[in-house]
Amino acid sequence: MNGFRTLIYEKREGIGYLTLNRPEALNAYNMQMRDDLYEVLQAVRDDDEVRVVIVKGAGEKAFCAGADLREFLTAPPPVAARKVRFARDVWKLFLSIPQPMIAALHGFVLGSGIEIALCCDIRIATPETKFGLPEMGLGIIPAAGGTQTLPRTIGRSRALEMLLTNRWIGADEAYLFGLVNRIVPKNDLLQNTEEMAKKIASYDPAAVQRAKESVVRGMDMSLQEGLELEKLLASRLKAKRS
């Protein structure tokens, strides 16, 4: 797949590489990126050859510095906006991807950028990475899942502090909070991310996807319900191989 205006998508050895590609705008999320992401993510979801996905940002300064406010604060009429939202719900699609997704993070990870990262399963950052949700200073709230995914990742109190005070955190604090899995030197970011992706891709894809499904779905269940889900998915996997 190619020809996208805001993304680069490549596929090599079972790994999908999704690059946010607006470096001149710090990879700010705009309506064209929404449309491009929707098309790419649908293709990834339905591609059995893709075993794991790496999401990264082009350029030296940012993974994604948030939404392009020139577009998103100039809102279409409410009815039209709702139609677009329901027709192309990128965030719901992100969370429905069965393959593991790894975010390779550097520079600014703000607003929509942190929300994209939170839609990924594993996050690897460089020491200079900065995380924040600046919406409060603009008189708005996150609209791409940040109020839900952030507290589920770092806890209610820490999430509310970031949301309500517009406090940015660095990589060390993000690691302490559990927002990122690893911190690696900037020059080694892609190599380290690829090593993890290749390790995951080396395992049986059905087992990998069922493991992810069990964890993701189970997080919204009681322990007993989660155990029943795990048992069901394990039996289905075993039956498939019989």
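Keep in mind that this is a model prediction, so the values were computed, not measured.

A. View of the environment of Leu110. Along the chain, Leu110 falls in strand β6 (residues 108–110). Judged by relative accessible area, which is 6%, Leu110 ranks as buried.

B. Just the packing of helix α5 (residues 112–119) against helix α6 (residues 146–154), in detail. In the contact formed by α5 and α6, the axes pass within 10 Å of each other and the chain directions differ by 55 degrees. By the angle between their axes, α5 is oblique relative to α6. Both α5 and α6 take part in a crossing whose hand is left-handed. Residue-level contacts link Ile114, Glu115 and Leu118 of α5 to Gly146, Thr149, Leu150 and Thr153 of α6. Residues of the contact of α5 with α6, tallied by class, amount to 3 nonpolar, 3 polar and 1 charged.

C. Representation of the environment of Ala62 in the model. On the secondary structure map, Ala62 appears in strand β4 (residues 62–64). Between the C-alpha atom of Ala62 and that of Arg22, which follows or precedes it by 40 residues, the distance is 9.8 Å. In this structure Ala62 touches Leu26, Asn27, Gly57, His106, Gly107 and Phe108, once residues within four positions along its chain are discounted.

Rules and cut-offs
Residues numbered from 1 in each chain as written. Predicted model: local features only at pLDDT ≥ 70, side-chain atom pairs only at ≥ 80, totals over all residues. Heavy atoms only, no water. Helix = DSSP H or I, 4+ residues; strand = E, 2+ residues; numbered from the N terminus. Buried < 20%, exposed > 50% of the residue type's maximum accessible area, 1.4 Å probe, protein only. Axes fitted to C-alpha atoms, helices over the stretch in contact; angles between N-to-C directions. Parallel < 35°, antiparallel > 145°, perpendicular 65-115°, else oblique. Left-handed = near helix turned anticlockwise from the far one by under 90°. Contact = heavy atoms within 4.5 Å. Nonpolar A, V, L, I, M, F, W, Y, C, P; charged D, E, K, R; others polar.

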